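Inside the fold
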Amino acid sequence: MTTRAPARASLLDTLLLGVLVLVPAVAQGVALRRPRAVGLAARLDTNSWACRLMTRLRHRHGDGPLLVRVPHRRVLLLLSPQDARIALERTTRTLTAAARDKVAALGHFEPGAVLLSRGSAREDRRRFNEAVLDWPRADHRLCGRFGEVVREEAAGLVGRTTGRGAELTWDEFAGAYRRIVRRVVLGDAAADDERITGLLNELRGDANWFRLHRRRRRLCAELWVRTRDYLGDGSTGGLASCVADAPRTRRTLPVAQAQHWMFAFDAAPIATYLALGLLAGGIPRTDHDYLRACVRESLRLWPTTLAILRDTTANTTWSDGSTTPAGTTVVFHSSYFHRDARVPRADRFEPGRWLDGSADLDWALAPFSRGPAECPGRHLVQFTSATLLAELLAHRPRQVGGPRLDPHGPLPRTADHHVLRFA
Ligand code: HEM
């Protein structure tokens, strides 16, 4: 049987993709955001340029995926929702989530995490993650306690940032959320452990450089030991206290999984703070389901996973009948798919699309990915963020700094959460 290769981008289009898609993503930091680069990207609205370029390529080449001319690599850019679905749905069959670029970056601080694993080790670690995170239940068994943790930290945050002239800034907000993450993941004993967050952030900074930064084994070992100590028998609550009951084998590496939980949770404050910006002007409903949908919608508008990467592990056939061999890197550009013209009112804030289920039908709307590697922490993160939003919105915050995010107006495709301030 003869196979046909996908269409190829011209040299000029490849250069444009490098400048408008790759450079802004890498500059902003794939594992740890660089505030100045995020600010510049927001001022230039780089996602808007990237989306326009990809839409033009799709008009020119059709719906099929596009091979980009990268020396010594086969890189495939997805352009249609059909192919987005193929890539996400066939993960673990003819594609792997453990793409080599992801391993090069995240391997700096969580080698052994499920997202970087293949084959039976992956199955084993996925089973463990699902058990600890109670996937796919909407409410984790410890939701009651996690709700208390969020309310306590919210009260502290409100106490520190209310009164004459006081403002809620990103630094204050992120600091409070970091405490929530440590308590929810590692238990109350970790509430003040800034060192563990500091270690993780240092290594995430290295991860931004992929293989260009040397591995810092001493720091990695310190992070490992510190994390392991919270997972022991004396755990003080949090997900750590669910680890002992979860199925495991020699290959599970619970510590590596816990390190991923802490890293993954860090996207939550960004999405929640931007949602606060959208809701500060007035909110039609305050129930939990609505607020959870607001968090998801904030992530649709400004996805924190800038691109979902896959590597093919076997021949993969795409919607236009073309085929790529094993070893091809496949790129799902989140902002392009989330804001595409086929998405109704793509540039507006409409949490209702997640409540009526219409957004769930569209596989290209994937802030938490989809298919076998879908985020098993999704419900937990929506719960903690919605609980925090409810607490803060009860104090009727007003946005007093940063560009206004008008929920009814067309919203920019790139946002800088660092500059928002509330009174
Ligand atoms: C706003 C916060 C979060 C976002 C936007 C997010 C998003 C994602 C995405 C896009 C993936 C798939 C990546 C890929 O397909 O390559 C993923 C995977 C994963 N996430 Fe999350 N995540 C969040 C929070 C969390 C939290 C809090 C946890 C755990 C406590 C978690 C645990 C995981 C795990 C274990 C995987 C790997 C799944 C697998 O490989 O099978 N995530 N997440």
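Residues numbered from 1 in each chain as written. Predicted model: local features only at pLDDT ≥ 70, side-chain atom pairs only at ≥ 80, totals over all residues. Heavy atoms only, no water.

Under an unreviewed UniProt entry, the name given to the protein chain is Cytochrome P450, and the source organism is Saccharothrix syringae.

**Examining the site of the ligand**
Taken together, the neighbourhood of the ligand is formed by 28 residues, with Lys102, Arg122, Arg126, Arg310 and Cys375 sitting nearest. Elements that contribute at least two residues to the shell around the ligand include exactly α6 (119–133), α11 (254–265), α12 (267–279) and β5 (307–312). Partitioning the shell around the ligand into residue classes produces 18 nonpolar, six polar and four charged. (Near = heavy atom within 4 Å. Helix = DSSP H or I, 4+ residues; strand = E, 2+ residues; numbered from the N terminus. Nonpolar A, V, L, I, M, F, W, Y, C, P; charged D, E, K, R; others polar.)

**A look at α6**
Taking 1.5 Å as the rise per residue, α6 with 15 residues should run 21 Å; its terminal C-alpha atoms sit 21 Å apart, in good agreement. If you check which residues of α6 are buried, you get Ala121, Arg122, Asp124, Arg125, Arg126, Phe128, Asn129, Val132 and Leu133. Contacts made by the buried residues of α6 are with α11 and α16 (378–393). (Expected span 1.5 Å × (residues − 1). Buried < 20%, exposed > 50% of the residue type's maximum accessible area, 1.4 Å probe, protein only. Contact = heavy atoms within 4.5 Å.)

**A few points about the pattern of salt bridges**
Taken as a whole and assessed by the stated rule, the structure comprises 37 salt bridges. For Glu374, the salt bridge identified is with Arg378, shortest N-O distance 3.2 Å. For Glu374, a relative accessible area of 17% corresponds to the buried category. You can call Arg378 buried: its relative accessible area is 11%. (Salt bridge = Lys/Arg side-chain N within 4 Å of Asp/Glu carboxyl O.)

**Section: the side chain of Arg300**
Structurally, the position occupied by Arg300 is in helix α13 (residues 288–301). Ignoring anything within four residues of it in the chain, the contact list for Arg300 reads His338, Arg339, Val343, Arg345, Ala346, Arg348, Arg353, Trp354, Leu365 and Pro367.

**Some remarks on the packing of aromatic side chains**
Working definition: an aromatic ring pair is given by the centre-to-centre distance plus the angle between the planes. Counted by the stated rule, this structure contains ten aromatic pairs. These aromatic residues form a ring-pair network of at least three members: Trp170, Phe173, Tyr177, Phe265, Tyr273 and Phe422. The ring of Trp49 has Arg52 lying over it, and the distance from NZ or CZ to the ring centre is 4.9 Å. (Phe/Tyr/Trp six-rings, centres within 6.5 Å; stacked < 30°, edge-to-face > 60°. Lys NZ or Arg CZ within 6 Å of the ring centre and 35° of its normal.)

**A look at the environment of Asp245**
With respect to the helices and strands, the residue Asp245 is situated in the loop between α10 (217–231) and α11. Taking relative accessible area as the criterion, Asp245 reaches 66% and is therefore assigned exposed. Spatially, the C-alpha atom of Asp245 lies 29 Å from that of Ala176, the residues being 69 residues apart in sequence.

**Considering helix α3 (residues 46–61)**
Owing to its 3.6 residues per turn, the α-helix aligns residues three or four sequence positions apart on the same side. The end-to-end C-alpha distance of α3 is 23 Å, a good match for the 22 Å that 16 residues give at a rise of 1.5 Å each. Where α3 terminates, the next one or two residues include Gly62, which has phi positive at roughly 90°.

**Some details on the nonpolar core**
If you look at the biggest cluster of nonpolar residues, it comprises 80 residues, and the most contacted ones within it are Phe109, Phe173, Trp261 and Phe265. Beyond its immediate stretch of four places on either side in the chain, Phe109 contacts Ala31, Leu200, Leu203, Arg204, Ala207, Cys220, Leu223, Gln259 and Phe263. Counting 33 residues, the second-largest nonpolar core is a separate cluster that includes Ala9, Ala87, Ala99 and Ala364. (Core = buried A, V, L, I, M, F, W, Y, C linked by side-chain atoms within 4.5 Å.)

**Things to note about the packing of helix α8 (residues 170–186) against α11**
It is at 10 Å that the axes of α8 and α11 come closest, and there the two elements cross at 155°. Here α8 lies roughly antiparallel to α11, going by the angle between them. As for how α8 packs across α11, the hand of that crossing is right-handed. Between α8 and α11, the contacting residues are Tyr177, Val181, Val184, Val185 and Leu186 on the first element and Ala258, Trp261, Met262 and Phe265 on the second. Of the residues that constitute the contact of α8 with α11, the class distribution is nine nonpolar, no polar and no charged. (Axes fitted to C-alpha atoms, helices over the stretch in contact; angles between N-to-C directions. Parallel < 35°, antiparallel > 145°, perpendicular 65-115°, else oblique. Left-handed = near helix turned anticlockwise from the far one by under 90°.)

**What about the sheet that holds β5?**
A sheet is described by the order of its strands in space; here six strands give the open sequence β1-β2-β3-β8-β5-β4, paired in mixed fashion. The two strands at the open ends of the sheet, each matched to only one other strand, are β1 (7–8) and β4 (95–96). Here strand β3 (residues 73–77) runs beside strand β8 (residues 329–333); their pairing, made up of three bridges, is parallel. Among the inter-strand pairings, Leu77 is bridged to a residue of β8, identified as Val331. (Pairing = 2+ DSSP bridges.)

**Details of the pairing of β3**
Where strand β2 (residues 66–70) lies against β3, five bridges are found, and the strand directions are antiparallel. The residue bridging Arg69 from the neighbouring strand is Arg74, located in β3. Connecting the antiparallel pair β2 and β3 is a turn made up of two residues, with His72 showing a positive phi of about 60°.

**Here's the deal with the environment of Leu57**
On the secondary structure map, Leu57 appears in helix α3. Those residues in contact with Leu57 that lie beyond four places of it in its chain are Asp13, Leu17, Gly62, Leu66 and Leu79.

**Comments concerning the packing of α10 against α11**
Viewed as axis vectors pointing N to C, α10 and α11 meet at an angle of 100°, and their least axial separation amounts to 9 Å. The orientation of α10 relative to α11 falls into the category roughly perpendicular. The residues of α11 that touch α10, namely those facing Leu223, Trp224, Thr227, Arg228 and Leu231, are Pro254, Val255, Ala256, Ala258, Gln259 and Met262. Here the contact of α10 with α11 is composed, by residue class, of eight nonpolar, two polar and one charged.

**Examining unusual backbone geometry**
Note that the residue after Trp135, namely Pro136, is joined by a cis bond; omega there is 5°. Of note, the phi angle at Leu253 is positive, near 55°, even though the residue is not glycine. Inspection of the secondary structure puts Leu253 in the loop between α10 and α11.

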